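Observations on the three-dimensional arrangement
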Amino acid sequence: MAYKFVDNYRERGARKQLVKHLEKRGIEDKQVLKAIGKVPRHFFFDETFWNQAYRDIAFPIGDGQTISQPYTVAYQSELLHVKKGDKVLEIGTGSGYQTCILMELGADVYTIERQESLYNRTIQVLPYMGYNPKFFLGDGSKGIPGNAPYDKIIVTAGAPFVPEIMLKQLKIGGVFVIPVGDEKAQKMVTILRVGENDFERIELDTFRFVPLVGDQAW
């Protein structure tokens, strides 16, 4: 499939304004802000809706899924504290926007998506943009145990609980970020694995994600 995306001064200017907006909302990590300022978010939208791409809103991308609000992407990315070379598991590739942000932060990304139509699009669009994560199609609620352990795990859909199977895929010293709650709202949860069977859990702000679906979720 051929893509002819354009990223000119108007889109670059809109990203600069988005970065300023996120700073005002409390995002402090300069590397996260730099990544937001670099990744062309409008590439993940139908051209008809490019004028919506740099608003701080979630937006439908088909199959009942959304591209996350830029603030949410920045918030989760900041919590991960990604270091260059970190092996990161992303549950819910979706549009691929969060994937690109993680890669801009230097992560080695393993990303899984259960919706085949979204998967088929991202495996074409992201390499076109110059991003080449490890793509997987399947039930993300179980993680990707065959490639574990991971330095960081990020879940981009709302879960009813923290899947035990994913905790086991996290390295000791690793960070896990997941929204947990009901289907209407979730608390952002960060988990630090401090020992073989020891975890430290912190609940943070309230968000609203599409539901995480699978054997270990809804």
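Residues numbered from 1 in each chain as written. Predicted model: local features only at pLDDT ≥ 70, side-chain atom pairs only at ≥ 80, totals over all residues. Heavy atoms only, no water.

An unreviewed UniProt entry annotates the chain as Protein-L-isoaspartate O-methyltransferase of Sphingobacterium spiritivorum ATCC 33861. You can read under Subcellular location (unreviewed entry) in the UniProt record for the chain the words "Cytoplasm". Quoted verbatim from the Sequence similarities (unreviewed entry) heading of the UniProt record, the comment on the chain is "Belongs to the methyltransferase superfamily. L-isoaspartyl/D-aspartyl protein methyltransferase family." (UniProt positions renumbered as here; feature names shortened; annotations may be inferred.)

We now examine the UniProt feature "active site" (unreviewed entry) in the chain. Taking the numbering used here, the UniProt-annotated feature "active site" (unreviewed entry) corresponds to S68. Given the relative accessible area of 19%, S68 is considered buried. When neighbours within four sequence positions are excluded, S68 is seen to be in contact with R41, I57, A58, V73 and F209. (Buried < 20%, exposed > 50% of the residue type's maximum accessible area, 1.4 Å probe, protein only. Contact = heavy atoms within 4.5 Å.)

Moving on: the nonpolar core. Ranked by internal contacts, the top residues of the largest apolar core, which has 45 residues, are I36 and F44. Contributing elements (two or more residues each) for this core: α1 (9-24), α2 (30-38), α3 (70-80), α4 (97-104), α5 (116-129) and β7 (170-181). The contacts of F44, once residues within four sequence positions are left out, are V39, I61, I67, S95, G96, Y97, C100, L126 and M129. Core analysis: the next-biggest nonpolar cluster, separate from the first, contains 22 residues, Y150, L170, V189 and L212 among them. (Core = buried A, V, L, I, M, F, W, Y, C linked by side-chain atoms within 4.5 Å. Helix = DSSP H or I, 4+ residues; strand = E, 2+ residues; numbered from the N terminus.)

Across all of its chains, the model carries 11 salt bridges by this definition. Close ionic contact of R193 with E196 constitutes a salt bridge, the shortest N to O distance being 3.5 Å. Given a relative accessible area of 7%, R193 falls into the buried group. The exposure class assigned to E196 is exposed, which follows from its relative accessible area of 54%. (Salt bridge = Lys/Arg side-chain N within 4 Å of Asp/Glu carboxyl O.)

Further remarks concern the packing of aromatic side chains. Counting across every chain of the model gives 11 aromatic pairs. Measuring from centroid to centroid gives 5.6 Å for F44 and Y97, while their planes differ by 70°, and the two rings are edge-to-face. In this pair, F44 is assigned in the loop between α2 and β1 (59-62) and Y97 in helix α4, connecting sequence segments 53 residues apart. The burial state of F44 is the same as that of Y97; both residues are buried. (Phe/Tyr/Trp six-rings, centres within 6.5 Å; stacked < 30°, edge-to-face > 60°.)

Right, let's get into the layout of surface pockets. The space that makes up the largest pocket amounts to roughly 510 Å³. Along the wall of the largest pocket there are 34 residues; nearest its centre are Q65, T66, T156, A157 and V210. Listing elements by their share of the lining of the largest pocket, those giving two or more residues are β2 (65-67), α3, β3 (87-91), α4 and β4 (108-113). Considered class by class, the residues forming the lining of the largest pocket number 13 nonpolar, 17 polar and 4 charged. Secondary structure elements with two or more residues in the lining of the second largest pocket: β1 and α5. Grouping the constituent residues of the lining of the second largest pocket by class yields 10 nonpolar, 3 polar and 2 charged. (1 Å grid on protein atoms, 1.4 Å probe; cavity = no way out; pocket = protein on both sides within 12 Å on 5 of 7 lines; lining within 4 Å. Points joined across faces, edges and corners; volume = space filled by probe spheres on them. Nonpolar A, V, L, I, M, F, W, Y, C, P; charged D, E, K, R; others polar.)

Attention now goes to the packing of α3 against α4. Contact pair α3 / α4: the axes reach a minimum separation of 11 Å and the direction vectors enclose 40°. For the element pair α3 and α4, the recorded crossing hand is right-handed. Here V73, Q76, S77 and L80 of α3 come into contact with α4, specifically with Y97, Q98, I101 and L102. (Axes fitted to C-alpha atoms, helices over the stretch in contact; angles between N-to-C directions. Left-handed = near helix turned anticlockwise from the far one by under 90°.)

Glancing now at unusual backbone geometry. Looking along the chain, the bond that leaves A148 and enters P149 is cis, with omega of 5°. Tracing the sequence through the fold places P149 in the loop between β5 (134-137) and β6 (150-155). Backbone geometry places H81, a non-glycine residue, at a positive phi of 55°. Looking at the secondary structure, you find H81 in the loop between α3 and β3.

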